[in-house]
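For reference, the chains in residue letters:
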Amino acid sequence: MRNKQYGIRWTKTIQNNYGTPSITLVKGKGLIVQDSEGKRYLDFLGGIATNILGHAHPSIVSAVSKQVRTLSHVSNLYSHPNAVALAEKLGACTGTKGAKVFFCQSGAEANEAAIKLSRKTGRSHIVATQGSFHGRTMGALSLTGQPSKREPFLPLLKNVKHVPFGDIEAMRRCISKKTAMVIVEPIMGEAGVIVPPDDYLQQLRQLCDKSGCLLVIDAVQTGMGRTGSWFGYEYSGITPDVITVAKGLGGGLPLGAMIALGKAADLFQPGEHGSTFGGNPITTAAALAAIKTIESKKILKKVQKQGRFLIQELAMIEGVQQVRGAGLLIGIELGSATAQEITQKLLDRGVLVNAANPTTIRIAPALIVSDAQIKKFITIFREVLSHGN
Ligand SMILES: Cc1ncc(COP(=O)(O)O)c(C=O)c1O
């Protein structure tokens, strides 16, 4: 452990739900972060798909500093220009009219809001997918399709079924007139960056229309440009009823949102849901700055191009079995349970990634990553895989 001091203090004072991290990060700029011992790393994980513009991006620093000097928190009894502007912007990003947003702080909370919204259809059954990750609070955990995360906390919400991801026939068998909502990730991130068949979302849209249930797209990990589009489902041509976002939305600050479209936009009535910090002026200032930067620097196009390059180059490395993903959310399948070991070796070489599952390494660098940094990552990754260090 490099950070013995912090490690000991962490273990003594912080709940053991994460285990004790081996390094303590103290500062960063762009994609470079530095630990408490002065070692620098190329951050190819971006706070797990969260630091959309990297660390200390000038647009976010400036927007947040300005806002914190002006007005910090207003509660939901009062309006604030940033929350209104961000809701309008997110609605516009969906390409639809009439979207209405509920702001919160995290992905789990955005999905909790979606569960409650779906109850307003008068139905209560939910269909989700096996292997999915939708968060750890009791409602969100009920959607999460990973037995190891669910089992210690049973019983969870009733009437939630999990079907294999990408299997439209299994969905067809489960969706009924009792179904309030179906929730899917456009690409399953935590499961190891799993991409569904091309027509999956389209077919799912048809099934949801037939049953009259809400189609909820969990874009918490794939959203805010990560896969080269705003929310990760756009390639399919569908319009969901609800989109949940968090992670990259706040440009590194804690912000989540549930965006309801069409008829779903008007399901909540006053008093039916809430969150003290939701739509806080500072976090929404950060989000507006991040979106403005992504648009003005034409980052979505760049991300698509860089994603294609990474997938093509990584697939040619010996020891890589498959490369999955889109844009800058990529899973590198090693075909053997060595992902943790390789992650540690990359850390030793000064590169941050994570093992999404025992055989898959996930990368999710900030969207501002340069071509030179991508080439550097590929070189180090190739060396680590070929030399074993
Ligand atoms: C797809 C997806 N949904 C929901 C969540 C939960 O988000 P949070 O950790 O902000 O509650 C995550 C987190 O990894 C996620 O990847």
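Conventions used here
For every chain, the first residue of the written sequence is number 1, and numbering continues from 1 onward in sequence order. Local features are withheld for residues below a pLDDT of 70 in this predicted model, meaning they are given only at 70 or higher, and side-chain atom pairs are given and counted only at 80 or more; totals for whole chains, interfaces and linings count all residues. For side-chain calculations, the full set of non-hydrogen atoms in the structure is used, while hydrogens and water are omitted. Remark: exposure states derive from per-residue accessible area (1.4 Å probe, protein chains only) relative to the maximum for the residue type, with buried under 20%, exposed over 50%, and partly exposed in between. We count a stretch as a helix when DSSP gives it H or I for four or more residues in a row; a strand needs E for two or more, and each element gets its number in order from the N terminus. Directions drawn from the helix axis to the C-beta atoms are what define this arc. Any two residues whose heavy atoms approach within 4.5 Å at even a single point are treated as in contact. All the domain ranges listed were derived from an automatic or database domain assignment. Accessible area, probed at 1.4 Å, shrinks when two parts are joined; the buried area is that loss added up over both. Here a salt bridge means any side-chain nitrogen of Lys or Arg lying within 4 Å of a carboxyl oxygen belonging to Asp or Glu. Only rings of Phe, Tyr and Trp enter the pairing, Trp through its six-membered ring, and a pair is recorded when the two centres are within 6.5 Å. The plane angle decides the type: under 30 degrees is stacked, over 60 is edge-to-face, the rest tilted. Note on terminology: near, applied to a residue and a molecule or strand, indicates that one of the residue's heavy atoms is within 4 Å of it. Pairs of N or O atoms within 3.5 Å make up the polar contacts considered here, provided that, within protein, one atom can donate a hydrogen while the other can accept it, and that residues adjacent in sequence are counted only when both atoms are side-chain atoms. Note that accessible areas follow from Shrake-Rupley with a 1.4 Å probe, and for residues the cover is restricted to the protein chains shown. Residues were grouped as follows: Ala, Val, Leu, Ile, Met, Phe, Trp, Tyr, Cys and Pro as nonpolar; Asp, Glu, Lys and Arg as charged; and all remaining residues, including Gly, as polar. Any two strands between which DSSP finds at least two bridges are classified as paired. Every angle, taken between N-to-C directions, lies between 0 and 180 degrees, and every axis is a line fitted to C-alpha atoms, over only the stretch in contact when it is a helix.

Some thoughts on helix H12 (residues 339-348)
Every α-helix winds through 3.6 residues per turn, so residues three or four apart in the chain are directed the same way.
Piece 1. Within H12, the full set of buried residues consists of Ala339, Ile342, Thr343, Leu346 and Leu347. Taken end-on, H12 shows its buried residues confined to a sector of 145°, consistent with a single buried face.
Piece 2. In this structure, the buried residues of H12 make contact with strand S3 (40-43), strand S13 (351-352), strand S14 (354-357), strand S15 (360-363) and helix H13 (371-387).
Piece 3. Backbone geometry just after H12 places Gly350 at a positive phi near 85°.

Some words on the environment of Pro164
Piece 1. Structurally, the position occupied by Pro164 is in the loop between strand S6 (160-163) and helix H8 (168-174).
Piece 2. Under the relative-accessibility criterion, Pro164 is labelled partly exposed at 33%.
Piece 3. Distance from Pro164 to Gly145, taken between C-alpha atoms, is 9.3 Å for residues 19 residues apart in sequence.
Piece 4. When residues no more than four places from it in sequence are discounted, the contact partners of Pro164 are Gln130, Ala170 and Tyr200.

Details of the domain arrangement of the protein chain
Piece 1. Examined at the domain level, the protein chain breaks down into domain 1 (4-56 + 298-387) and domain 2 (59-296).
Piece 2. Between domain 1 and domain 2, a total of about 2,200 Å² is buried, with carbon and sulfur atoms accounting for 61% of that surface.
Piece 3. Broken down residue by residue, the surface that domain 1 buries against domain 2 is led by Ile52, Leu300 and Leu329, which jointly contribute 26%.
Piece 4. The interface formed by domain 1 and domain 2 includes one salt bridge.

Quick look at the packing of aromatic side chains
Piece 1. Inspection of the entire model under this criterion finds four aromatic pairs.
Piece 2. Arranged with centres 4.4 Å apart and planes meeting at 10°, the rings of Phe44 and Phe377 form a pair that is stacked. One end of the pair, Phe44, is in the loop between S3 and helix H2 (46-49); the other, Phe377, is in helix H13, with 333 residues separating them in the sequence.
Piece 3. Taking relative accessible area as the criterion, Phe44 reaches 0% and is therefore assigned buried.
Piece 4. Ring plane angle 5° and centroid distance 6.3 Å describe the contact between Phe231 and Tyr233, whose orientation is recorded as stacked.
Piece 5. With a relative accessible area of 2%, Tyr233 lands in the buried category.

Quick word on the site of the ligand
Piece 1. Taken together, 13 residues surround the ligand, and among them Gly107, Ala108, Asp218, Gln221 and Lys247 come closest.
Piece 2. Within the backbone of Phe133, an N or O atom sits 3.2 Å from a nitrogen atom of the ligand.
Piece 3. At 3.4 Å, a side-chain N or O of Lys247 approaches an oxygen atom of the ligand.
Piece 4. Alone, the ligand offers 390 Å² of accessible surface; in the complex the protein occludes 82% of this.
Piece 5. Tallied by class, residues from the shell around the ligand come to three nonpolar, six polar and four charged.

Description of the sheet that holds strand S12 (residues 329-333)
Piece 1. Sheet architecture is open: four strands sit in the order S11-S12-S15-S14, paired in antiparallel fashion. Of all strands in the sheet, those bounded by a partner on one side alone are strand S11 (322-326) and S14. Neighbour-to-neighbour, the strand axes of the sheet open up by a mean angle of 30°, direction not taken into account.
Piece 2. Sheet topology places S12 next to S15; four bridges connect them, and they run antiparallel. Within S15, the residue paired with Gly331 across the bridge is Arg362.

Some words on the pattern of salt bridges
Piece 1. Per the stated rule, a full pass over the model turns up 10 salt bridges.
Piece 2. When the shortest N-O distance is used, the salt bridge between Arg362 and Glu190 registers 2.6 Å. Linking Arg362 in strand S15 with Glu190 in the loop between strand S7 (179-184) and helix H9 (200-211), this pair joins segments that are 172 residues apart in sequence.
Piece 3. Overall, Arg362 belongs to the buried group, its relative accessible area being 1%.
Piece 4. A salt bridge links Arg205 to Asp209, with the shortest nitrogen-to-oxygen separation between them at 2.9 Å. With Arg205 and Asp209 both in helix H9, this residue pair falls four residues apart, about one helical turn.

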